[in-house]
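These are the residues of each chain, in order.
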Amino acid sequence: GKKGKNPTFTVFDGGEKITFEITKDMYDALKPVSESSLLSKTIKPLNIAGNIRRGLLTEYNPTFMLTNAIKDTQDILLNSQHSLKTYAKIPEAHKQLLTKGYWYQEYIRNGGEQNSYFDNESNTFKTENKGIKKLLDIPPLSTISKINNYIEMIPRLAEYIASRQSGASIEVAMLDAARVTTNFKAGGAVTKFANRNGATFLNASVQGAMQQVRNIREAKANGIRGWVNLATKFTVAALPAVLLNNLVWEDDEE
């Protein structure tokens, strides 16, 4: 409801976005209490600078395609509720993304697109290009952005498919998908305020650490079997770095 316009309310009906105007009184009644606090504010210059920095380092960065794919592959091992099933569903996730199949449609209808690292900090829907997105929506940057978004969605969709086919409800499968890599939707008022206003990668770092805390809590709840399973996952995840480090040391010695 800015610049003299009425506030709006948006819903999705069968996947179709519907936006209609509401009164100021209705908006005041509906908005979260947090919106009235200092921590809900956005400092525009810091926000713009942070968005540009994040865009150049991630969404519009061609090298991010490789580094993000490697990180997400490791995250599946550590964070998935069923790692082997999720790895096995990666080819199907590719197919679903390319054909916009049944599982893809169900995932998107329930908010899957908003799990993206690139869009979680903006209060707009992904189809609404504003600010830096509108400025950089030109080839080849727009192509790089699409590829990075595609790569980022693969492990989430694979986890979603694996969870649903294992009998999980849509709600549980959506949570599994959000947590299989860093859960960018999560975050407290302080970290999201800082992330939005200059501390560009703070919330991602906090959520990555929190996911490991959850992994440890789950291992503790499952007793000896849980600890052994977690230790095995961490060992396997660390192997590539150990092998690479050994190769580097061998080259130095030669």
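The structure reproduced in this document is the subject of the present report.

About the cut-offs
- Residues numbered from 1 in each chain as written.
- Predicted model: local features only at pLDDT ≥ 70, side-chain atom pairs only at ≥ 80, totals over all residues.
- Heavy atoms only, no water.
- Helix = DSSP H or I, 4+ residues; strand = E, 2+ residues; numbered from the N terminus.
- Buried < 20%, exposed > 50% of the residue type's maximum accessible area, 1.4 Å probe, protein only.
- Contact = heavy atoms within 4.5 Å.
- Areas by Shrake-Rupley, 256 points an atom, 1.4 Å probe, with all protein chains shown as cover.
- Expected span 1.5 Å × (residues − 1).
- Core = buried A, V, L, I, M, F, W, Y, C linked by side-chain atoms within 4.5 Å.
- Phe/Tyr/Trp six-rings, centres within 6.5 Å; stacked < 30°, edge-to-face > 60°.
- Patch = residues over 30% accessible without salt bridge, like charges linked within 9 Å, V, L, I, M, F, W, Y side chains within 5 Å.
- Salt bridge = Lys/Arg side-chain N within 4 Å of Asp/Glu carboxyl O.

The number of helices and strands found in the chain is 12 helices and 2 strands. Secondary structure elements of the chain occur, N-terminal to C-terminal, as β-β-α-α-α-α-α-α-α-α-α-α-α-α. The buried share of the chain, reckoned over its 254 residues, is 35%. Of all intrachain contacts in the chain linking residues separated by at least 6 positions in sequence, the fraction that spans at least 24 positions is 66%. In the structure as shown, the chain presents an accessible area of about 15400 Å², 62% of it carried by carbon and sulfur atoms.

Side chains that are three or four residues apart share a direction in an α-helix, a result of its 3.6 residues per turn. Over its 16 residues, helix α3 (residues 64-79) extends 21 Å from the first C-alpha to the last, a length consistent with the 22 Å expected when each residue adds 1.5 Å. Residues of α3 that are buried: Phe-64, Asn-68, Asp-72, Asp-75, Ile-76, Leu-77, Leu-78 and Asn-79.

Membership of the largest hydrophobic core comes to 14 residues, with the highest contact counts inside it found for Ala-93, Leu-97, Tyr-107, Leu-157 and Tyr-160. Among the elements of the structure, α5 (90-99), α6 (102-109), α8 (141-165) and α9 (170-180) are those that each provide at least two residues to this core. Of all the elements, α8 adds the most residues to this core, at 6 residues. Leaving out residues up to four positions away in the same chain, Tyr-160 has contacts with Trp-103, Glu-106, Tyr-107, Ile-170, Ala-173, Met-174 and Ala-177.

The subject of this paragraph is the packing of aromatic side chains. Applying the stated criterion across every chain, the model contains 4 aromatic pairs. For the ring pair Phe-9 and Phe-20, a centre distance of 5.8 Å and an interplane angle of 50° mean the geometry is tilted. Remark: Phe-20 occurs in strand β2 (residues 16-21) and Phe-9 occurs in strand β1 (residues 8-13); sequence separation between them is 11 residues. Taken together, Tyr-102, Trp-103, Tyr-107 and Tyr-160 form an aromatic cluster joined through their ring pairs.

In this section: a nonpolar patch on the surface. A cluster of nonpolar side chains, Phe-9, Val-11, Ile-18, Phe-20, Met-26 and Leu-30, forms an exposed patch at the surface whose accessible area comes to about 480 Å². Contributions of two or more residues to the nonpolar patch are made by β1, β2 and α1 (24-30). The exposure class of Phe-9 is partly exposed, given its relative accessible area of 32%.

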